[in-house]
Amino acid sequence: MVSTGRLGLKGAMFRVQAGANVRSGISAKDWTERADRTEQARPSICFLFNAQLHQLLHGITTAAELARRGDVDVHVMSVSRENLAYARALVARMGGAPIRFSLAGSELLRLIARMTGSSIAPKMLTLAAIAPAMRRFDAIALPERTSIALRKLGVRRTRFIHIDHGAGDREVGVDPRIAKFDFVLMAGEKQRERFERAGLIRPGDHAIVGYPKFDAADAMRDPCWRPFDNDRPIVLYNPHFSDLGSWDRFGVQLVAAFAAQDRYNLILAPHVRMCDSAAKRARTMALIAPYADLPHIHVDLGSDRCVEMSYTTIADVYVGDVSSQVYEYIRKPGPCLFLNANGVDWQGDENYGHWHFGPVLDDVSAIVAAVDAARASLPLFEGEQRRRFDATFDLGEISSSRRAADAIAGFLHREVGSRAALPAPTRGLIAGARRAAP
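Residues numbered from 1 in each chain as written. Predicted model: local features only at pLDDT ≥ 70, side-chain atom pairs only at ≥ 80, totals over all residues. Heavy atoms only, no water.

Participant: Give a detailed account of the overall build of the chain, specifying residues and quantitative values.
Facilitator: Check the secondary structure of the chain and you find 17 helices and 14 strands. Pairs at least 24 apart in sequence give 69% of the contacts found in the chain among residues at least 6 apart. Split by element, the accessible area of the chain, about 18300 Å² in all, is 53% carbon and sulfur. (Helix = DSSP H or I, 4+ residues; strand = E, 2+ residues; numbered from the N terminus. Contact = heavy atoms within 4.5 Å. Areas by Shrake-Rupley, 256 points an atom, 1.4 Å probe, with all protein chains shown as cover.)

Structure (structure tokens):
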């Protein structure tokens, strides 16, 4: 069974329309009219999604919660029509919000994307095209670092807010460019400690808010969907796209091993960037073609389910390398197995902290037996999974998206608006953040 691209939004939109206003009782038209009536001299913010769909889920629910507060003018901009439609559907699923949606870039850039088989236009060309329009916003919220280049393109007065994008352990997440942002949101204490140690954050200009992607994925994921018609345990193989990943060395051998057995189902769902162009998808499909149509093998090279946590939620065993998605999988502790395809000396390296969640293999010649062993050894690793999950995600009774929205609102009103106009809870949030700042 193969899913090589987007699922399409017709089905999703039908589901959304059926229950879109359960929480708010307000239609999309009502939200738009309310925004028209109340738009005044409020701080304005644009949530810019200048990348693939997976990054959108890290910020769109925060945008919705911020818009519903009524004291900030919220815009959402994406480089892709499909991603923008997904954003609208997700906001509708949450009950709607007075957000202004717009398409970034030009038709020429989208033509370039189609001609190259890419899901998005080249990032820097897009930034150059939109830079003049971005100067009108008081703030721009970004779930990636490339778009901070807007500053060099003349967007200097605007404040930049870094939205957490994944909460893994790799060194690449501790990006020096984060220091260029005016305000930084983080998932938990693990990130705060590493960012502080690296000099990326300043007292009073950051906040720990939890993980808004959980809110987004929970809103959109179909909890009843399963790709198999049997009750065998499901193994998820989730290779990363980077040079640190395991696909090039181990991928085909691993899929072939599971194709030849009859005790496990296998889902191959790599990080969406591994196959984010037509050429990459075609190359990968050619390699696994002998196995892709088997009833106990499910291949998904980039559908919406890859970003909605569908696979990390239904998997009974996680097999991977360096992807932060393992932290989404251990939301409920489970057996893990890691592939050391590059001979890394990982013991004691904080960039491989998640490899303490299960056994680590240097080859996959006995991968099915290794999965058996990983399942049997879960009690040895479950405590470490819980400890590192709690350090990674600061979750509480208030949703992460609401906490992120309140933190952004507090920062915006402090920087560009009047504190006197703030609701009391937000004034307290700012004061508390300053008292807690290291």
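Participant: Before we move on, could you go through the pattern of salt bridges and cite the residues and values that matter?
Facilitator: Applying the stated rule across the entire model yields 28 salt bridges. Its salt-bridge partner being aspartate 182, residue arginine 151 comes within 2.6 Å of it at the nearest N-O pair. Within this pair, whereas arginine 151 is found in the loop between strand E5 (139-142) and strand E6 (159-162), its partner aspartate 182 is found in the loop between E6 and strand E7 (183-186), the two being separated by 31 residues in sequence. In this structure arginine 151 comes out as partly exposed when scored by relative accessible area, which is 23%. Across the salt bridge formed by glutamate 196 and arginine 192, the nearest N and O atoms sit 3.0 Å from each other. Highlighted residues: glutamate 196 and arginine 192, both in helix H8 (residues 189-197), separated by four residues, approximately one helical turn. Overlapping salt bridges bring together Arg159, Arg202, Asp205, Arg414 and Glu415 as one network. (Salt bridge = Lys/Arg side-chain N within 4 Å of Asp/Glu carboxyl O. Buried < 20%, exposed > 50% of the residue type's maximum accessible area, 1.4 Å probe, protein only.)

Participant: Can you break down the packing of helix H4 (residues 60-69) against helix H5 (residues 81-93) residue by residue, with the values?
Facilitator: For the pair H4 and H5, the least separation of the axes is 10 Å and the interaxial angle reads 55°. The orientation of H4 with respect to H5, classified from their angle, is oblique. Judged by the sense of rotation from one axis to the other, the crossing of H4 with H5 is right-handed. Residues Ile60, Thr61 and Ala64 of H4 pack against Ala87, Leu90 and Val91 of H5. In the contact of H4 with H5, the residues fall into five nonpolar, one polar and no charged. (Axes fitted to C-alpha atoms, helices over the stretch in contact; angles between N-to-C directions. Parallel < 35°, antiparallel > 145°, perpendicular 65-115°, else oblique. Left-handed = near helix turned anticlockwise from the far one by under 90°. Nonpolar A, V, L, I, M, F, W, Y, C, P; charged D, E, K, R; others polar.)

Participant: Before we move on, could you go through unusual backbone geometry and cite the residues and values that matter?
Facilitator: Positive phi, normally seen in glycine, also occurs at methionine 309, with a value near 65°. Summarising the element assignment, methionine 309 is placed in the loop between strand E11 (297-300) and helix H12 (310-314). The class of methionine 309 is buried, set by a relative accessible area of 3%.

Participant: Residues and numbers for the sheet that holds strand E2 (residues 44-49), please.
Facilitator: The strand order E4-E3-E2-E5-E6-E7-E8 describes an open sheet built from seven strands, whose pairing is parallel. Looking at strand neighbours, the two that pair on one side only are strand E4 (100-103) and strand E8 (206-208), the edges of this open sheet. Adjacent strand axes in the sheet meet at a mean angle of 20° when their direction is disregarded. Where strand E3 (residues 73-78) and E4 come together, four bridges link them in parallel fashion. When the bridges of E4 are listed, methionine 77 appears paired with serine 102. Along the sheet, H5 makes contact with E3 and E4, crossing E4 at roughly 165°. (Pairing = 2+ DSSP bridges.)

Participant: How would you sum up the packing of aromatic side chains? Please name residues and give values.
Facilitator: Within this structure, the stated rule accounts for 16 aromatic pairs. Considering the side-chain rings of tyrosine 211 and phenylalanine 214, the 4.8 Å spacing of their centres and the 70° angle between planes classify their relative orientation as edge-to-face. Grouping residues by exposure puts tyrosine 211 and phenylalanine 214 together as buried. Ring geometry for phenylalanine 258 versus tyrosine 264: centroids 6.3 Å apart, planes at 75°, classification edge-to-face. Summarising the burial analysis for this pair, phenylalanine 258 and tyrosine 264 share the class buried. Aromatic ring contacts, followed pair by pair, group Tyr211, Phe214, Tyr327, Phe357, Phe389 and Phe393 into a single cluster. Seen from the ring of tyrosine 327, lysine 190 lies directly overhead, with NZ or CZ sitting 4.1 Å from the centre. Over the ring of phenylalanine 214 we find arginine 331; its NZ or CZ atom is 4.1 Å from the centre of that ring. (Phe/Tyr/Trp six-rings, centres within 6.5 Å; stacked < 30°, edge-to-face > 60°. Lys NZ or Arg CZ within 6 Å of the ring centre and 35° of its normal.)

Participant: Could you give an account of the nonpolar core, naming the residues involved and the relevant values?
Facilitator: Core analysis: the largest hydrophobic core is formed by 74 residues, its most contacted members being Ile45, Phe47, Leu66, Val74, Val76 and Ile99. Per element, the largest residue contribution to this core is seven residues, and it comes from helix H16 (residues 400-416). Setting aside its immediate chain neighbours within four residues, isoleucine 45 contacts Leu66, Val72, Asp73, Val74, His75, Phe137, Ala139, Ile140, Ala141, Ile161, Ile408 and Leu412. Counting residues in each nonpolar core, the second largest holds 29 residues, with Leu268, Met274, Ala292 and Ala374 among its members. (Core = buried A, V, L, I, M, F, W, Y, C linked by side-chain atoms within 4.5 Å.)

Participant: Explain the state of the cysteines to me, and be specific about the residues and the numbers.
Facilitator: In total, this model carries zero disulfides according to the counting rule given. For cysteine 306, which is in no disulfide, the shortest distance to another cysteine sulfur is to cysteine 275 and amounts to 9.2 Å. Using a relative accessible area of 10% as the deciding quantity, one classes cysteine 306 as buried. (Disulfide = S-S within 2.5 Å.)

Participant: Tell me what's going on with the side chain of asparagine 238, and back it up with residues and numbers.
Facilitator: Residue placement: asparagine 238 occurs in strand E9 (residues 234-238). A polar contact is formed between the side chain of asparagine 238 and the side chain of serine 323, at a distance of 3.4 Å. What asparagine 238 contacts, discounting residues up to four positions off in sequence, is Ala269, Pro270, His271, Tyr318, Val319, Gly320, Asp321, Ser323 and Gln325. (Polar contact = N/O pair within 3.5 Å; in protein donor to acceptor, adjacent residues only side chain to side chain.)

Participant: So what about the side chain of histidine 354? Which residues, and what values?
Facilitator: By the element assignment, histidine 354 lies in the loop between strand E13 (336-339) and strand E14 (360-361). Reaching out from histidine 354, the side chain makes a polar contact with the side chain of tryptophan 355 at a distance of 3.4 Å.

Participant: A description of the pairing of E5 should follow, citing residues and the corresponding values.
Facilitator: In summary, the side chains of a regular strand alternate between the two faces of the sheet. Residue alternation in E5 divides its side chains into two sets, Ala139 and Ala141 and Ile140 and Leu142, and both sets are buried. Pairing between E2 and E5: three bridges, direction parallel. By the bridge assignment for E5, cysteine 46 is matched with isoleucine 140. Here four bridges tie E5 to E6, and the two strands are oriented parallel to one another. Counted as the bridge partner of alanine 141 is isoleucine 161 from E6.

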